Amino acid sequence: MIELLTWMPALVLPGAALIQLVKLWKTHDPGGVSVLSWLMFGVANIGAYFLFAETGGGYLDIRTILAFLLTSVLNFWVVWTVLKYRIKPDEKNESKKDE
């Protein structure tokens, strides 16, 4: 049972970020997405990775890498995507506004 529970963060944490990314890709609407929160989640996951690895989790444990490093990469990807859509609006929306 413990083995199964240790896989939960490795699947749930990246899954949550992936859900946000898919929503952003489909809608091209960054409204309601906090860049600062996702940035802080990414930094916190890097810190959690090193903390967990140093306290006996191991740097090369696949669960640790998935739960913290992959999640951190996805969190930074959310930040990049939001900034991309905020800085350069979707061309489709721009052409509709001009009409």
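All of these numbers come straight from a predicted model, not from anything done at the bench. (Residues numbered from 1 in each chain as written. Predicted model: local features only at pLDDT ≥ 70, side-chain atom pairs only at ≥ 80, totals over all residues. Heavy atoms only, no water.)

Trainee: Which residues make up the overall build of the chain, and what values go with them?
Mentor: For the chain, the count of helices and strands is four helices and zero strands. In sequence order, the chain lays out its α and β elements as α-α-α-α. By residue count, 28% of the 99 residues in the chain fall in the buried class. Within the chain, contacts between residues at least 6 apart in sequence are counted, and of these 72% link residues at least 24 apart. As displayed, the chain has an accessible area near 6700 Å², and 72% of this comes from carbon and sulfur atoms. (Helix = DSSP H or I, 4+ residues; strand = E, 2+ residues; numbered from the N terminus. Buried < 20%, exposed > 50% of the residue type's maximum accessible area, 1.4 Å probe, protein only. Contact = heavy atoms within 4.5 Å. Areas by Shrake-Rupley, 256 points an atom, 1.4 Å probe, with all protein chains shown as cover.)

Trainee: Mind laying out the nonpolar core, listing which residues take part and the relevant values?
Mentor: Listed in full, the eleven residues of the largest apolar core are Ala17, Leu21, Leu24, Val33, Val35, Trp38, Leu74, Val78, Val79, Val82 and Tyr85. Discounting residues that sit within four places of it in the chain, Val33 has contacts with Gln20, Leu24, Trp38, Val78, Val82 and Arg86. (Core = buried A, V, L, I, M, F, W, Y, C linked by side-chain atoms within 4.5 Å.)

Trainee: Any chance you could break down the pattern of salt bridges for me, citing the residues and the numbers?
Mentor: Evaluation of the coordinates by the stated rule reveals two salt bridges. We note a salt bridge from Arg63 to Glu3, for which the minimum N-O separation is 3.0 Å. Placement of Arg63 in helix 3 (residues 62-87) and of Glu3 in helix 1 (residues 2-27) is noted, with a sequence separation of 60 residues between them. Arg63 is the salt-bridge partner of Asp61, the closest N and O atoms lying 3.3 Å from each other. Residue class for Arg63 comes out partly exposed when judged on its relative accessible area of 21%. A single salt-bridge network, built from bridges that share partners, covers Glu3, Asp61 and Arg63. (Salt bridge = Lys/Arg side-chain N within 4 Å of Asp/Glu carboxyl O.)

Trainee: Before we move on, can you summarise the packing of aromatic side chains with the specific residues and values?
Mentor: Applying the stated criterion across every chain, the model contains six aromatic pairs. Centre to centre, the rings of Tyr49 and Phe50 are 5.2 Å apart; their planes meet at 70 degrees, and the pair counts as edge-to-face. (Phe/Tyr/Trp six-rings, centres within 6.5 Å; stacked < 30°, edge-to-face > 60°.)

Trainee: Which residues make up the environment of Glu3, and what values go with them?
Mentor: Glu3 sits in the partly exposed class, given a relative accessible area of 49%. At 3.0 Å, the side chain of Glu3 forms a polar contact with the side chain of Arg63. (Polar contact = N/O pair within 3.5 Å; in protein donor to acceptor, adjacent residues only side chain to side chain.)

Trainee: I'd like a rundown of a nonpolar patch on the surface, residues and numbers included.
Mentor: Residues Met1, Ile2, Leu4, Leu5, Met8, Leu11 and Val12 make up a contiguous nonpolar surface patch of about 780 Å² in total accessible area. Relative to the elements of secondary structure, Val12 occurs in helix 1. (Patch = residues over 30% accessible without salt bridge, like charges linked within 9 Å, V, L, I, M, F, W, Y side chains within 5 Å.)

Trainee: Tell me about helix 3, and please be specific about residues and values.
Mentor: In an α-helix, one turn spans 3.6 residues; hence positions three or four apart end up facing the same way. Spanning 26 residues, helix 3 covers 36 Å between terminal C-alpha atoms, matching the ideal 38 Å at 1.5 Å per step. When the local axis directions of helix 3 are compared, the greatest deviation, roughly 25 degrees, occurs at Thr71. Taken as a whole, helix 3 has its buried residues at Thr64, Ala67, Phe68, Thr71, Ser72, Leu74, Asn75, Val78, Val79, Thr81, Val82 and Tyr85. Residues of helix 3 that are buried make contact with helix 1 and helix 2 (35-57). (Expected span 1.5 Å × (residues − 1). Bend = angle between axes of the 7 residues up to and from the residue.)

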